[in-house]
Amino acid sequence: MAQTKGRFEVHDLGSYKLHVYYTNDALGDASYIIEGKDALITMEQPLFKDNVAEFDTYLSKLDKPVEKRITDYHVGGTGKHDVVMAQGMPEFTKGEIYSDMMKGFTQAFGDAMTDMPTGKVTEVAFGTTQTWAGVTFEFRHGAASDFPGASILIGGKAYYTHWTPTKAHISHLQISSPAAIDAEIAEAERSLTSGAELFIGGHGGAAKRDAVEFKIAYLKKMKEILAANKSSQAFVNAIKKAYPGLPGEAGLEDLGKVLYQ
């Protein structure tokens, strides 16, 4: 299928196919299509107009009805379609933190962003398992330090979190305080016990188990470095030394600032 901005990859997970859409947008967002035998589920539809058009074109070519659209951490271009969200997330998206974030995006990106969705929202309780398009969606609490979105185990094979685990330095947007380090370690360890073979997120795309294991080891090392250093710059220097050449070094200054504020 023709692609003009982002790119798609497909993972065959036996009982369903997972279509991963790497938007290549300024936020590093990823969107997903879960393809069951007779129907489709979308997750985290794109936020920018070019991506919305590309995603919708790809979706239509799959030639199956969309049974549900899941908006978990990212409000996107679902238009007038009804969506489902984790319990408490609809209220959170209307609150000051999320509203300010979206205003910031509007100021930064202007007309490139799609219109905000207007469809009906249904909440899904944490601790419940839904079955859509013949695929199970187990809604679990996400990291304690994060927005009240869900970590979702899909068909027992793919584990969705807000951020895809990567072999790179972690953003200050994910680790925004010392307490968040422990919260992210706990969530990553839970994901490893889920039985999943693929780990996906709203930022990033798809990764294997080794990326989760790297993330856990990295965060534990970060805790050690944080405890051993008194200043932001000393922390940055130490983590660069511990992981020479690791992608994402440019963001370490911001990470240091939030950890030492």
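Remember, it's a predicted structure, so these values are computed and weren't measured experimentally.

Colleague: How would you sum up the overall build of the chain? Please name residues and give values.
Modeller: When helices and strands are tallied, the chain shows 7 helices and 13 strands. For 261 residues, the compact-globule estimate of 2.2 N^0.38 gives 18 Å, and the C-alpha radius of gyration of the chain, at 18 Å, lies within 12% of that figure. Counting only C-alpha atoms, the chain reaches 55 × 40 × 35 Å along its principal axes. For the chain, contacts bridging at least 24 residues in sequence account for 63% of all contacts bridging at least 6. For the chain, the accessible surface area stands at approximately 12,000 Å², while carbon and sulfur atoms represent 52% of it. With 27 positive and 33 negative side-chain charges, the chain shows a spacing of 3 Å between the two charge centroids.

Colleague: Go over helix α6 (residues 232-242), please, and point to the residues and values.
Modeller: The set of residues buried in α6 consists of S232, F235, V236 and I239. When α6 is viewed along its axis, its buried side chains cluster within an angular range of 100° and face the same direction. As for α6, its buried residues are in contact with α5 (209-228) and α7 (252-259).

Colleague: Please provide a residue-by-residue account of the pairing of strand β1 (residues 7-12), values included.
Modeller: Sheet topology note: the β1/strand β2 (residues 17-22) ladder contains 6 bridges and is antiparallel. Across the sheet, residue D12 finds its bridge partner in β2, namely K17. Counted between consecutive antiparallel strands, the loop separating β1 from β2 contains 4 residues, among which G14 sits at a positive phi close to 90°.

Criteria and thresholds
Residues numbered from 1 in each chain as written. Predicted model: local features only at pLDDT ≥ 70, side-chain atom pairs only at ≥ 80, totals over all residues. Heavy atoms only, no water. Helix = DSSP H or I, 4+ residues; strand = E, 2+ residues; numbered from the N terminus. Rg over C-alpha atoms; globule rule 2.2 N^0.38 Å. Contact = heavy atoms within 4.5 Å. Areas by Shrake-Rupley, 256 points an atom, 1.4 Å probe, with all protein chains shown as cover. Lys, Arg positive; Asp, Glu negative; His and termini not counted. Charge placed at Lys NZ, Arg CZ, Asp CG, Glu CD. Buried < 20%, exposed > 50% of the residue type's maximum accessible area, 1.4 Å probe, protein only. Arc of directions from axis to C-beta. Pairing = 2+ DSSP bridges.

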